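Close look at the chain arrangement
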Amino acid sequence: MKKLVWVFMALLSGCGSIDRQPIPLLSSHGAAAPDCRDLLVDYEAYAYMDAKAREGFRREVRQQWALTRNSCEQLRLALVYSQGDSTQRARALKLVEELLESGNLARYLRAQGLALLLRDALDRERKQLLHSVQLQHLLYKQQARNQAQARALEDLQTQLRQLKQIEQNINEKEQSLIPPATNPLAPGAAPHPGGG
């Protein structure tokens, strides 16, 4: 998200100096804010607001868009959502895609360029997030396979130890069944003929 803020800040740097106060969405007479102006001013001001101020501003922008269904207010709302959490950024992408498909921004060239830039940035971020989730899923699957293989190896080693123990027990029983006189290893057995 920080990259997204810096991209738009770069756009702002070409627009001269800015007062970081958002433009009031409704004048005292209830008139709508000017179309497609001050979008970046609001975007930058929103970036510097605390959580409570952001919530209030977001609510105002949503209400303004709900009242006017104005394309510029839709873009303003998308810009605000683009600075939120992943759910809000998904909403921002949906809003800006709908806006670009409608063609309603064609007469506002700068706003249309901004909408394209926002869509591309959000779409790229969404794809990166999806790729990251896919990689995480593959990692979990690989870890599960590794754990299963480790358990299987441990089971095999346990079985091997048990087989060795069984073999040792069989050898011991066989040795105990051989009479001491014929068992060269038994204590007290007769010395081997010709042996030393």
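Quick notes on the rules
- Residues numbered from 1 in each chain as written.
- Predicted model: local features only at pLDDT ≥ 70, side-chain atom pairs only at ≥ 80, totals over all residues.
- Heavy atoms only, no water.
- pLDDT = per-residue confidence, 0-100.
- Contact = heavy atoms within 4.5 Å.
- Axes fitted to C-alpha atoms, helices over the stretch in contact; angles between N-to-C directions.
- Helix = DSSP H or I, 4+ residues; strand = E, 2+ residues; numbered from the N terminus.
- Parallel < 35°, antiparallel > 145°, perpendicular 65-115°, else oblique.
- Left-handed = near helix turned anticlockwise from the far one by under 90°.
- Nonpolar A, V, L, I, M, F, W, Y, C, P; charged D, E, K, R; others polar.
- Disulfide = S-S within 2.5 Å.
- Buried < 20%, exposed > 50% of the residue type's maximum accessible area, 1.4 Å probe, protein only.

So, about the confidence of the model for the chain. Regions with low pLDDT carry predicted coordinates that are not meant to be interpreted in detail. Looking at the chain, the pLDDT average stands at 80 and 73% of residues meet or exceed 70. Considering only residues more than four positions removed or in separate chains, one finds that residues 9–34, a stretch of pLDDT under 50, has 43 contacts.

Let us now look at the packing of helix 2 (residues 39–47) against helix 4 (residues 71–81). Between two packed helices, both the angle of their axes relative to each other and the distance between the axes serve to describe the pair. It is the contact of helix 2 with helix 4, at a shortest axis distance of 10 Å, that shows an interaxial angle of 25°. One way to sum up the angle between helix 2 and helix 4 is to call them roughly parallel. Of the two possible hands of crossing, helix 2 and helix 4 adopt the one that is right-handed. Residues L39, D42, Y43 and Y46 of helix 2 pack against C72, L75, R76, L79 and V80 of helix 4. Among the residues making up the contact of helix 2 with helix 4, the classes are represented as seven nonpolar, no polar and two charged.

Bringing the state of the cysteines into the picture now. Inspection of the entire model under this criterion finds one disulfide. Paired by a disulfide, C36 and C72 hold their sulfur atoms 1.7 Å apart. Handedness of the C36-C72 disulfide follows from its S-S torsion of about -90°: it is left-handed. Linking C36 in the loop between helix 1 (2–13) and helix 2 with C72 in helix 4, this pair joins segments that are 36 residues apart in sequence. Using a relative accessible area of 1% as the deciding quantity, one classes C72 as buried.

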